[in-house]
Amino acid sequence: MLWLYLHLPHFSLDLFHRGKEKTQPGPLALVDAAGKSLLQVNAAAASQGIQAGMSATVAGCLVPDLKILTRRPEMEIAGLEDLAQWAQAFSARISLQPPQGLLLEIGSMLTLFGGLSGFWHRIADELDALGFTANLAVAWTPLAAQVLAEAGGGPCNANRACLQKALGALPVEQAGLPDEVAEKLVGMGFRQLEQLLALPVAELGRRFGQEVIAQLGRLTGRLSDPRRFYVPSPVFRREISFIEGIEQTGGLQFPLQRLTGELSQFLRQRHLATDTLFIRLKHYDQAPSSMTVGSAGLEYQADEFLKLCRLYLAQLRLPAPVTGLSLQVDHLQPLKIASEPLFNDRQERVQQQLLSRLQARLGRDAVQGLAVVAEHRPEKAWCYRQPEVTETACQKLAAGEAPPRPLWLLDQPEELTTGRPQLVSGPERIVSGWWDDDPVCRDYYLARHPRGGLCWAFRTQDGRWFIHGWFA
Amino acid sequence: MNTEVEKLLSRAGVWRGHRQGVDPGTYPAVASGYAVLDQCLAGGGWPRGALTEILSDHCGIGELALLRPALSFLSQQPGWILWVAPPFLPYPPALAAAGILVSRVLVIQPQKPADLCWAMEQGLRSGSCSAVLGWPARLDNRAIRKLQLAAESGQCPAFLFRPQTARINASPAALRLELTPLAEGLAFRILKRRGGWPVAPQVLDRASLQLPGLPPKAQPPLASTLVTGPWTG
């Protein structure tokens, strides 16, 4: 298996600079959390004499316009994962080597790209376009590729003899051995790796220990070196930062359009769909505000997502200008292809979309479906329920002589102050509910109301009259 | 007559004043279920793809009974039946008894009046509703025109229930009815309809509206089973 290693010597600095325009960065340096010594310097700083390991104050004195950035490990890991996602276009087997490296298995991909040199130049060009400086190296073992890349890059040649020569020409300090072992070896007079590799393994092991010969074994391929490959997590997360803060929700339309387009592509490629989006808005001096956009059913199309986001955004008031917008989707479910005829499926989807839109603007509580409950007490013989799109609706029709029920039911029965109304028919006695503290003992009558219309009136045990509904 | 003139006269936009000489295909309609009403309406029923205004001062005088057969028929087809801001709850057991599928009913209670018009418009335009009923508090003509256009584009029957005071204003709705309750039933007057002049009030009696409360029809007793008195002692 042929391996390619990408070593990014100043990865953090590149990540910081990527958001800015495409000019050459000025001198940049990275300090660790303590802020004392420099970890990485970019090319512009190195050309002015700054080196990694220097103290930050000395570097500041040497180069007055040096920009010093603090290292953020979480940004590095996120950036490495994003780079791994990009690298999936080049290889299916990618291994992350934090903090600054990426390992790709390319033996299976060379025919697609037209040989090693085509592959090499393509990757180098694309990395350059993304804004990263990288050293590339190929080898027949992962560790050899890593060592060659960290030393400054290897030859673009898959020939074993040539690679062996390049490996052998490496200084011993750069072979990836522990520091004290490397010091001892240098003190013994070993200059290049090939001198070390020429020695018998048993002797080396007795002198330096098992780890050293294990390392050399992995380097030469004598021992296997399995690596854990990167598996992209099934979560969609994209973020766009803005240079100036956006003050009105109208200005968020285009970034949202881009994000929903990317989401739709992501879902389509993996044959997934979702019904919840988390949108987070970052503000300059305030805690980020967030919004959850839900749809009634599983969706995967960009314009539906955009419509729903617009509806939610229209009701959002921005507390401060927005400096960053991120879209995250956690709940992904496989997309079911309905086996119903096309017409039914389309009708159901249109119904579901209408439901999502109504719920998005009016709120879930304002849009309700109804259901019949088997209960004698009229005010409890129904309930609200979450509306669902059902293709076949079956309902037992009330058999024959069911007692009449009004089409309008009042929320609370209204007392009739004028006393007994003009009765038309009845009574229907309902006595129920003694078991759950809500007993009802009423005689229901159909009555004619003085202003016209037929109402459903009842008389309680103490002789008071109420209206409970209208026969409209 | 000249065929060009014939064609022009048989189009729906041209109405010859003396009768409705238009074939029913030009006005798609849902049969209302009441022959007296259907005769007066263009297309023989409630117009699909147009707005119907029902004006009445009170709720519960029989306005829903007028729509009940049409709603029962429409609920058999896939699609929501939207009730936007109803004054009371549409009682599910009564809906079920009337033959309206309760699972297709969607009740919307918007907080703002602008949301009411928006919800009705969305329902009408989407093409996923089989009927939309609305009880607006106050509507101006511009909003009614938008609803009329939305109903046309979605080909969905739309019903607006408004107070009788709205009668004096002109409205872009295709059909306007005014309802008055009577002891024996419901009186309806057509204020505006397509392809005809306004119609004088007509009465739908309680029996044909199938409102309950009538004494059951007296069945003639079977002589063999009837035992008559008087009994002494």
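See the structure printed just above.
Conventions adopted
- Residues numbered from 1 in each chain as written.
- Chains lettered and ligands numbered in written order.
- Predicted model: local features only at pLDDT ≥ 70, side-chain atom pairs only at ≥ 80, totals over all residues.
- Heavy atoms only, no water.
- Helix = DSSP H or I, 4+ residues; strand = E, 2+ residues; numbered from the N terminus.
- Buried < 20%, exposed > 50% of the residue type's maximum accessible area, 1.4 Å probe, protein only.
- Contact = heavy atoms within 4.5 Å.
- Areas by Shrake-Rupley, 256 points an atom, 1.4 Å probe, with all protein chains shown as cover.
- Salt bridge = Lys/Arg side-chain N within 4 Å of Asp/Glu carboxyl O.
- Pairing = 2+ DSSP bridges.
- Axes fitted to C-alpha atoms, helices over the stretch in contact; angles between N-to-C directions.
- Buried area = accessible area lost by both parts, 1.4 Å probe.
- Polar contact = N/O pair within 3.5 Å; in protein donor to acceptor, adjacent residues only side chain to side chain.

With that settled, consider the overall build of chain B. Of the regular secondary structure elements, chain B holds 7 helices and 11 strands. Put simply, chain B has 233 residues, and 52% of those count as buried. Sequence separation of 24 or more characterises 63% of the internal contacts of chain B that already satisfy a separation of 6 or more. Carbon and sulfur atoms make up 56% of the accessible area of chain B, which amounts to about 10900 Å² in all.

Let us look at unusual backbone geometry. A cis amide bond, omega 5°, links Pro-98 of chain A with the succeeding residue Pro-99 of chain A. Even without being glycine, Gln-155 of chain B reaches a positive phi, approximately 55°. With respect to the helices and strands, the residue Gln-155 of chain B is situated in the loop between α6 (141-154) and β8 (158-162).

On to the pattern of salt bridges. Residue and element names in this part refer to chain A. The tally for this structure, following the rule as stated, stands at 25 salt bridges over all chains. Asp-436 is the partner of Arg-377 in a salt bridge, and the nearest nitrogen-oxygen pair spans 3.0 Å. Taken together, the residues span a long stretch of sequence, with Arg-377 in the loop between β13 (367-372) and β14 (382-385) and Asp-436 in the loop between β16 (422-432) and β17 (440-448) at a distance of 59 residues. Since its relative accessible area comes to 0%, Arg-377 is described here as buried. Each of Glu-375, Arg-377, Lys-380, Asp-436 and Asp-438 takes part in salt bridges that share partners, so that together they form one network.

Below, the discussion takes up the sheet that holds strand β6 (residues 101-105) of chain A. Residues and elements named next belong to chain A. Strand order across the open sheet formed by 4 strands is β5-β6-β1-β7, with antiparallel pairing between neighbours. The sheet is open, and its two edges are formed by β5 (94-97) and β7 (135-139), each paired on a single side. Neighbour-to-neighbour, the strand axes of the sheet open up by a mean angle of 20°, direction not taken into account. As judged from the 5 bridges shared by strand β1 (residues 3-7) and β7, these two strands associate in the antiparallel manner.

A few words on the interface of chain A and chain B. Listed as interface residues are 49 residues of chain A and, on the opposing side, 52 residues of chain B. Carbon and sulfur atoms make up 67% of the surface buried where chain A meets chain B, a total of about 4500 Å² over both sides. Along the contact surface separating chain A from chain B lie 1 salt bridge. Across the pair Asp-115 of chain B and Arg-361 of chain A runs a salt bridge whose closest N-O atoms are separated by 2.9 Å. Here chain A and chain B share 10 residue pairs in polar contact (both at pLDDT 80 or more) between them. Sorting the residues of the side of chain A that touches chain B by element identifies α15 (342-362), β13, β14, β15 (408-415), β16, β17 and β19 (465-471) of chain A as the ones contributing at least two each.

Purely spatial values, then, with no claim about function.
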